[in-house]
Amino acid sequence: MAMTGEMGRPGLLATLREKYFSSLGNAALSIICFSILALIVWKFFDWAILSAVFSAANGPEACKATDGACWAVIDARWRLILFGLYPHEEHWRSALACGVVVVMTVLSCLPYFWNGRSISVIWIGGFLAFYFLMKGGILGMPVVDEQSWGGLSLTVFIFVTTVLVGTPLSILLALLRRSELPWISALTGIVIDSVRSLPLLTILFAFAVVLPFLLPDWASGDKLYRAIFGSALFFAAYQAEIIRGGMQGVPTGQEEAAKSLGIRYRHRIQRILLPQAFKNALPATINQFVITFKETSLFIIIGFFEILASGNAAYGTGNWTFAFVEVYAFIAMIYFVFVFSLSRYGAFLERRMDVGDH
Amino acid sequence: MTKTAEPAITIRSMNKFYGSFHALKNIDLTVQHGERIVICGPSGSGKSTLIRCINHLEAHQSGNITVLGKALDNNILHIDEIRRDVGMVFQHFNLFPHMTVLENCVLAPMLVRKWPRAKAEELAMQYLEKVKIPEQAEKFPGQLSGGQQQRVAIARSLSMQPKVLLFDEPTSALDPEMISEVLDVMVALAKDGMTMLCVTHEMGFARQVADRVIFMDQGEIIEQNPPEEFFGNPQNERTQKFLSQILGH
């Protein structure tokens, strides 16, 4: 029987036969592998869906009666995971604040808004909206202190603020490091290398716990902001080197051409050097963003209930202690959604920026 | 050709070092307004360095350079003021790859001359017509041939309406069949009376348009003469040797 498709291209069956069943040994190997794969998929499907308990109505006891996943723990504790210790009746504010950050991120990812004014309005407006929704104290919303922030909103807040503070800082460090004055570039190099040679954990700890002893009270601010500043510094040290690498990929002729046209330093940086450097640095930058998002979980050690800590609390108290796998699976899914979107967006940017290259 | 009393460029006893290497030795050169000068010489003779000193892409260590009546020192404001009026065309074009041809041409006029976009675009289109590629205005540099890119680079320089144009081996990176389209544009500019300093090995171009041909070797100006004299009756031994090498085959 001929297995070719309409256009003379091999059909699905022909492709399968050629790739997986071309010889007896090959066929045997394929059958074994497919069987194992099918078994794993089936087992997972059975565990996650068929035998799973979804409703918390009957309490933890319903879960103990089955071998399947106990999603009931999510049903019972989702508020704790997403909102941490944030007061129960104010949860809508935390959810809305998360939504604001998502909208702000999506808007600033659209090329239509890529000009200084739109981006500033979106980010400053979005950040203020987030802050006042979370903190309250205006429009009749009760004040909720940073110590009570938690869950997904806190994770998102830490990430966004780190990137927001860290990115301009990293550009500044990268520019200082390539300064023509040797003492400036050497000094910047020392700062970058020192920060990079410390573990993030140490930096967070130092900024959250040690710094208040060194600074006067009025300058030390809230623990959360000190820790975020430490995290931004750490991000900036790595990102500065990534951007510097991108700058080195821009031929010197670019800067000479801009100089010969009389374009000033500031504009040479803004219009000629940085756009090309960012493009060169894009894959590594997306990588750094992904790492930074996941490193927000380290805030757990200085006592913040970001999403991982809230998850621990969700199964760690009461009768749900046996359901930790389900809680972690749920959190992993949330991380995955964020990180996967980030890398798809990176791929989109790479395609878009390739336009002028060929 | 209009020659006003004050020269466009005056260089007096200028020296340039790279570390201990003496790249330019005691250079004296005066260029009048509207004058077309071709600079030639063996590689490493300092000819590119010389014209790069005129817009301070390279700093000189001693001597004086005056461009369009302004003394060139290390003050960035003076340097930028001179660069505004002195265009440069590079061997490797150096177009901005992330911008369209038109954006390449209007960027500096808008940022430096502070012209509104409409005016900058109108002028840029005029110059793109002049270099005969207005139809490529919306393309990116990477989509053009070498010869087209170099013509865009010339249009980009012209869009600033410079009083002096420096050419740093503008045809050396081109495939042979694209050289003439760039030279044609340069000849047309010369006929319009643009003050030009061209580092080039195109001796046909030198014969056709140059008012003066300068021969450099080992960082020194060895000889300068009008083309008939320069090619017909070279004075210095090194000039004779150079000419026999590049015209010999």
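So, how was this worked out
- Residues numbered from 1 in each chain as written.
- Chains lettered and ligands numbered in written order.
- Predicted model: local features only at pLDDT ≥ 70, side-chain atom pairs only at ≥ 80, totals over all residues.
- Heavy atoms only, no water.
- Helix = DSSP H or I, 4+ residues; strand = E, 2+ residues; numbered from the N terminus.
- Rg over C-alpha atoms; globule rule 2.2 N^0.38 Å.
- Buried < 20%, exposed > 50% of the residue type's maximum accessible area, 1.4 Å probe, protein only.
- Lys, Arg positive; Asp, Glu negative; His and termini not counted.
- Charge placed at Lys NZ, Arg CZ, Asp CG, Glu CD.
- Phe/Tyr/Trp six-rings, centres within 6.5 Å; stacked < 30°, edge-to-face > 60°.
- Lys NZ or Arg CZ within 6 Å of the ring centre and 35° of its normal.
- pLDDT = per-residue confidence, 0-100.
- Contact = heavy atoms within 4.5 Å.
- Polar contact = N/O pair within 3.5 Å; in protein donor to acceptor, adjacent residues only side chain to side chain.
- Salt bridge = Lys/Arg side-chain N within 4 Å of Asp/Glu carboxyl O.
- Buried area = accessible area lost by both parts, 1.4 Å probe.
- Nonpolar A, V, L, I, M, F, W, Y, C, P; charged D, E, K, R; others polar.
- Pairing = 2+ DSSP bridges.
- Axes fitted to C-alpha atoms, helices over the stretch in contact; angles between N-to-C directions.
- 1 Å grid on protein atoms, 1.4 Å probe; cavity = no way out; pocket = protein on both sides within 12 Å on 5 of 7 lines; lining within 4 Å.
- Points joined across faces, edges and corners; volume = space filled by probe spheres on them.
- Core = buried A, V, L, I, M, F, W, Y, C linked by side-chain atoms within 4.5 Å.

Considerations on the overall build of chain B
Per the secondary structure count, chain B includes nine helices and ten strands. A globule of 249 residues ought to have a C-alpha radius of gyration of about 18 Å, and chain B, at 18 Å, matches this closely. In terms of overall dimensions, chain B has C-alpha extents of about 55 × 45 × 40 Å along its principal axes. The 249 residues of chain B split such that 57% are buried. One finds the centroid of the 25 positive side-chain charges in chain B at a distance of 3 Å from the centroid of its 29 negative side-chain charges.

A closer look at the packing of aromatic side chains
Remark: the centre distance and the inter-plane angle together describe each pair of aromatic rings, the angle taken between the planes. In this structure the tally under the stated criterion is 23 aromatic pairs over all chains. Taken together, A:Phe127, A:Phe130, A:Tyr131, A:Phe132, A:Trp149, A:Phe157 and A:Tyr225 form an aromatic cluster joined through their ring pairs. Between the NZ or CZ atom of A:Lys223 and the centre of the ring of A:Phe304, over which it lies, the distance is 5.2 Å. If you follow B:Lys16 out to its NZ or CZ, it ends over the ring of B:Tyr18, 4.7 Å from the centre.

Here's the deal with the confidence of the model for chain A
Close reading of the predicted structure is inappropriate where its pLDDT is low. Residues and elements named next belong to chain A. Taken as a whole, chain A shows an average pLDDT of 84; of its residues, 96% reach a score of 70 or greater. Per-element averaging of pLDDT across chain A places helix α10 (residues 217-220) at the bottom with 70 and helix α12 (residues 252-260) at the top with 95. Contacts of residues 1-5 to residues separated by more than four positions or lying in other chains number ten contacts, the stretch itself having pLDDT below 50.

Points about the side chain of B:Arg212
All names here are of chain B. Structurally, the position occupied by arginine 212 is in strand β9 (residues 212-217). Of note is the side chain of arginine 212, whose polar atom sits 2.5 Å from the side chain of glutamine 224. Residues within four places of arginine 212 in sequence aside, it is in contact with Leu29, Thr30, Val31, Glu35, Arg36, Ile37, Val38, Gln224, Asn225, Pro226 and Pro227.

Some remarks on the pattern of salt bridges
Tallied over the entire structure, the rule returns 22 salt bridges over all chains. Between B:Arg238 and B:Asp217 there is a salt bridge; the shortest N-O distance is 3.2 Å. Separated by 21 residues along the polypeptide, B:Arg238 in helix α9 (residues 237-247) and B:Asp217 in strand β9 bring together distant segments of the chain. According to the relative accessible area criterion, B:Asp217 is buried, its value standing at 11%. Residues joined by salt bridges that share partners form a network here, namely A:Glu256, B:Lys16, B:Arg52 and B:Glu58.

Details of the side chain of B:Asn225
Residues and elements named next belong to chain B. Here asparagine 225 shows up in strand β10 (residues 220-225). Given the relative accessible area of 18%, asparagine 225 is considered buried. When near neighbours in sequence (up to four residues on either side) are disregarded, asparagine 225 contacts Arg212, Val213, Phe230 and Gln235.

Quick look at the interface of chain B and chain A
With 25 residues of chain B in contact, the opposing surface of chain A contributes 20 residues. Regarding the contact of chain B and chain A, the summed buried area is about 2,000 Å², with carbon and sulfur atoms giving 61% of it. The largest share of the area that chain B buries against chain A comes from B:Arg83, B:Phe96 and B:Leu111, three residues that together contribute 24% of it. The tally of links between chain B and chain A comes to one salt bridge. On the surface where chain B and chain A come into contact, there are four residue pairs in polar contact (both at pLDDT 80 or more). Where the side of chain B that touches chain A is concerned, the elements lending two or more residues are α2 (76-85), β6 (86-89), α3 (101-111) and α5 (146-158) of chain B. Its residues placed into classes, the side of chain B that touches chain A shows 14 nonpolar, six polar and five charged.

Some thoughts on the sheet that holds strand β5 (residues 70-71) of chain B
Residues and elements named next belong to chain B. In spatial order, the strands read β2-β1-β4-β5; together these four strands make up an open sheet with antiparallel pairing. What marks the edges here is a single partner per strand, and that holds for β2 (21-31) and β5. Note that strand β1 (residues 9-18) and β2 share seven bridges and pair antiparallel. Residue pairing in the sheet places tyrosine 18 in a bridge with phenylalanine 21 of β2. Those strands touched by helix α1 (residues 47-54) are β1, β2 and β4 (62-67), and its axis lies near 120 degrees from that of β1.

Regarding empty space enclosed by the protein
Residue and element names in this part refer to chain A. Considering all chains together, one arrives at two cavities of 30 Å³ or more under this definition. Each pocket or cavity is described by its volume, and for the largest cavity that value is around 70 Å³. Surrounding the largest cavity, Leu200, Ser231, Phe234, Phe235, Gln288, Thr292, Glu295, Thr296 and Phe299 form its lining. Broken down by class, the residue content of the lining of the largest cavity amounts to four nonpolar, four polar and one charged. Each pocket or cavity is described by its volume, and for the second largest cavity that value is around 30 Å³.

As for the nonpolar core
Within soluble globular proteins, side chains that are nonpolar generally end up buried alongside one another. Core analysis: the biggest nonpolar cluster contains 84 residues, and A:Ile81, A:Trp149, A:Leu224, A:Met247 and A:Phe299 have the highest contact counts within it. If one sorts the elements of this core by residue count, helix α7 (residues 151-177) of chain A sits on top with twelve residues. In contact with A:Trp149, not counting residues within four places along its chain, are A:Tyr86, A:Phe130, A:Tyr131, A:Met134, A:Lys135, A:Val144, A:Leu154, A:Phe157, A:Leu224, A:Tyr225 and A:Phe305. In this structure, B:Ala137, B:Leu189, B:Val209 and B:Ala210 belong to the second largest nonpolar core, which totals 51 residues.

Focus on the layout of surface pockets
Residue and element names in this part refer to chain A. One number sums up the size of the second largest pocket: a volume of about 850 Å³. Sorting elements by how many residues they give to the lining of the second largest pocket places α12 first, with five residues. Residue composition of the lining of the second largest pocket, by class: twelve nonpolar, five polar and eleven charged.

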